[in-house]
Amino acid sequence: MAALTTPWSKHHKKVTRAAAGGLPYSLSNSFAQPLTNVELLSMTKDRGDVELLEEWSNHSLEYTPNGGSEDLRVEIAKLYGDAISAANVLVFPGAQVALQTAAFAFASNSHTIVFTPGYQSTVQAPLHAGGAVTNVPLSPSDSFTINLQTLQNAITPDTKYIVINQPYNPAGTLMTHSQYSSFLSLILSFNSGSITILSDEVYRLLEHSPARRLPSIADSYPNGISCVTMSKPWGACGVTIGWLVSPNLSAIEKLKDVQYFGTACPSRASEIQAIMVLKSSDKILERNLKIINENKVLLNRFMEKFKEYFTWNVPDAGATCFIDCLPLSSAILGAELAEVGIGVKPAYCFCEEVYEEIEGYFRVGYGERGFKERLEKLEEFVEGKREEWDEILKNGERRR
């Protein structure tokens, strides 16, 4: 499949309500079960962490250090290997700002490779930074993993920055360890190993089987940058803390220089909450994976029941999946679902040019406790469409 080079410009005015928030049955959320502050304080109290509770009640409202306070950066570093310390960590008020900062630091005035369909900020940030960008399309026939030959063909002498997403949003798929190793070997063979790789790892630690977990890019590539946010694995969306981690301290300094012109200082209250989350990480992740795996059972039943209408790549990680609707384009499906109060993310949310192979795909999030009720509403909708959809399939052409 040839690489695409078009920017993200098309606006789908008639169908954007399908992707909008506020619908009563939202299947578009991409995070794990959200925490409450009461739960977080309770877990901190149960651990006997009196000092952290006192810090929460009595912290100063002065500026925090640029790039985050040391105590939080120390806790974040514990998620990585021994070569990563607090000095290798840069804290942001969420991952969105982190992605933009990295793009302006490494993608301006150079060539970048990104992969579509993908999370819009991951795909578009290098373009906003003014760089030349090649979009390499991913295929469901490859489980949305990177085709190394296609990637190799896209690399040029000017390629300085590559952005990947593992585990992959929207499909929830994941490279094998062998594929990951081959990918890194390929990148090291180009441009004297100088290409910077940013890996959007926001769903890392939510692998449905621990054996599938890949090493962080920050632990496996000398010019790697790991991007993470509290919202996905831990369900701490409102804490609004994300970070970039790299073994390359020169890269960290370059990121700091750019960060200074954005939002350099996170809230101290958010930092303290983030520390509380990380100190209870094992307990929170165990809870969230239990919810995800239980909901995945429900999804599997749904997919089996309606297999004549839907296909997918079974997700390996995270709290999202990408489902192909065979009778309709996802733009049409999304608009029809919105009319009955169901929200999904159609394919156009993840790429500018919705190529034929993915035109029926829509993302479903299944990380929350309320998923069963929402899925039942979707099931009710599909049951009511059987006669119409059977006729469409009989005619052999998807309705667009």
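Residues numbered from 1 in each chain as written. Predicted model: local features only at pLDDT ≥ 70, side-chain atom pairs only at ≥ 80, totals over all residues. Heavy atoms only, no water.

- Under the annotation held in an unreviewed UniProt entry, the protein carries the name Aminotransferase class I/classII large domain-containing protein and is attributed to Triparma verrucosa.

### Re the pattern of salt bridges
Any two side chains of opposite charge can pair, on the condition that their charged atoms come close.
Phase 1 of the analysis: Tallied over the full model, the rule gives 27 salt bridges.
Phase 2 of the analysis: Residues Glu 75 and Lys 78 are paired through a salt bridge, measuring 3.0 Å at the closest nitrogen-oxygen approach.
Phase 3 of the analysis: Taking the relative accessible area as the measure of exposure, Glu 75 reaches 10% and is therefore buried.
Phase 4 of the analysis: Here Arg 212 makes a salt bridge to Asp 316, at a shortest N to O gap of 3.4 Å. (Salt bridge = Lys/Arg side-chain N within 4 Å of Asp/Glu carboxyl O. Buried < 20%, exposed > 50% of the residue type's maximum accessible area, 1.4 Å probe, protein only.)

### Quick look at the state of the cysteines
Phase 1 of the analysis: By the definition in use, this model includes zero disulfides.
Phase 2 of the analysis: Cys 227 carries a free sulfur, and the closest cysteine sulfur to it, the one in Cys 237, is 15 Å from it.
Phase 3 of the analysis: Cys 349 supplies the cysteine sulfur nearest to Cys 351, a cysteine that is in no disulfide, at a spacing of 9.5 Å.
Phase 4 of the analysis: For Cys 351, a relative accessible area of 2% corresponds to the buried category. (Disulfide = S-S within 2.5 Å.)

### With respect to the sheet that holds strand S4 (residues 132-137)
Phase 1 of the analysis: With respect to topology, seven strands assemble into an open sheet ordered S2-S8-S7-S6-S5-S3-S4, the strand pairing being mixed. The outermost strands of the open sheet, each flanked by one partner alone, are strand S2 (89-92) and S4. Across this sheet, the average inter-strand angle for adjacent strands is 20°, counted without regard to direction.
Phase 2 of the analysis: Where helix H3 (residues 70-77) meets the sheet, it contacts S2 and strand S8 (242-245), and its direction lies at approximately 115° from that of S2.
Phase 3 of the analysis: The sheet contacts of helix H5 (residues 120-128) involve strand S3 (111-116), S4, strand S5 (159-165) and strand S6 (196-200), and relative to S3 the element is tilted by about 155°. (Pairing = 2+ DSSP bridges. Helix = DSSP H or I, 4+ residues; strand = E, 2+ residues; numbered from the N terminus. Axes fitted to C-alpha atoms, helices over the stretch in contact; angles between N-to-C directions. Contact = heavy atoms within 4.5 Å.)

### So, the packing of helix H2 (residues 50-58) against helix H11 (residues 268-279)
Phase 1 of the analysis: The N-to-C vectors of H2 and H11 enclose an angle of 160°; their axes lie 9 Å apart at closest approach. The orientation of H2 relative to H11 falls into the category roughly antiparallel. In this structure, H2 meets H11 at a crossing whose hand is left-handed. Judged by residue contacts, Leu 52, Leu 53, Glu 55 and Trp 56 of H2 engage Arg 268, Ala 269, Ile 272, Gln 273, Ile 275, Met 276 and Lys 279 from H11.
Phase 2 of the analysis: Classifying every residue of the contact of H2 with H11 gives seven nonpolar, one polar and three charged. (Parallel < 35°, antiparallel > 145°, perpendicular 65-115°, else oblique. Left-handed = near helix turned anticlockwise from the far one by under 90°. Nonpolar A, V, L, I, M, F, W, Y, C, P; charged D, E, K, R; others polar.)

### Side note on the side chain of Thr 116
Phase 1 of the analysis: Considering the arrangement of structural elements, one finds Thr 116 in strand S3.
Phase 2 of the analysis: Excluding its chain neighbours within four sequence positions, the residues that come into contact with Thr 116 are Val 123, Asn 135, Val 136, Pro 137, Leu 138, Phe 350, Cys 351 and Tyr 355.

### Regarding the side chain of Ser 30
Phase 1 of the analysis: Mapping Ser 30 onto the fold places it in the loop between strand S1 (25-26) and helix H1 (37-46).
Phase 2 of the analysis: At a separation of 2.6 Å, a polar atom in the side chain of Ser 30 contacts the side chain of Lys 232.
Phase 3 of the analysis: Among all residues touching Ser 30, those that are not within four sequence positions of it are Tyr 203, Lys 232, Ala 319, Thr 320 and Arg 363. (Polar contact = N/O pair within 3.5 Å; in protein donor to acceptor, adjacent residues only side chain to side chain.)

### Considering the sheet that holds strand S13 (residues 361-365)
Phase 1 of the analysis: If you trace the four strands from one edge of the open sheet to the other, you get S9-S10-S13-S12, paired in antiparallel fashion. With partners counted over all chains shown, the strands left at the sheet margins are strand S9 (310-312) and strand S12 (345-346), one partner each.
Phase 2 of the analysis: Bridge count for strand S10 (residues 320-325) against S13 is five bridges, and the pairing is antiparallel. Note that in S13 the partner of Asp 324 across the bridge is Tyr 361.

### Remarks on the pairing of S13
Regular strands place their side chains on alternate faces of the sheet.
Phase 1 of the analysis: With five of five residues buried, S13 lies mostly within the body of the structure.
Phase 2 of the analysis: Along S13, one buried face is formed by Tyr 361, Arg 363 and Gly 365 and the opposite face, lined by Phe 362 and Val 364, is buried too.
Phase 3 of the analysis: Relative to S13, S12 runs antiparallel, the two being bridged by two bridges. In the sheet register, Lys 345 faces S13, and the bridge partner there is Arg 363.

### Thoughts on H3
Phase 1 of the analysis: All of the buried residues along H3 are Leu 72, Arg 73, Glu 75, Ile 76 and Ala 77.
Phase 2 of the analysis: Buried residues belonging to H3 abut S2, S8 and H11.

### Observations regarding the environment of Gly 224
Phase 1 of the analysis: For Gly 224, the position within the fold is in strand S7 (residues 224-229).
Phase 2 of the analysis: Along the chain, Gly 224 and Thr 196 lie 28 residues apart, while their C-alpha atoms are 5.9 Å from each other.
Phase 3 of the analysis: Apart from residues no more than four positions distant in its own chain, Gly 224 is found in contact with Ile 197, Ile 217, Val 245, Ser 246 and Pro 247.

### Considering the UniProt feature "domain: Aminotransferase class I/classII large" (unreviewed entry) in the protein
Phase 1 of the analysis: The UniProt record marks residues 61-366 with the feature "domain: Aminotransferase class I/classII large" (unreviewed entry), using the residue numbering of this structure.
Phase 2 of the analysis: Annotated as 37% helix and 18% strand, the span residues 61-366 places its first and last C-alpha atoms 37 Å apart. (UniProt positions renumbered as here; feature names shortened; annotations may be inferred.)

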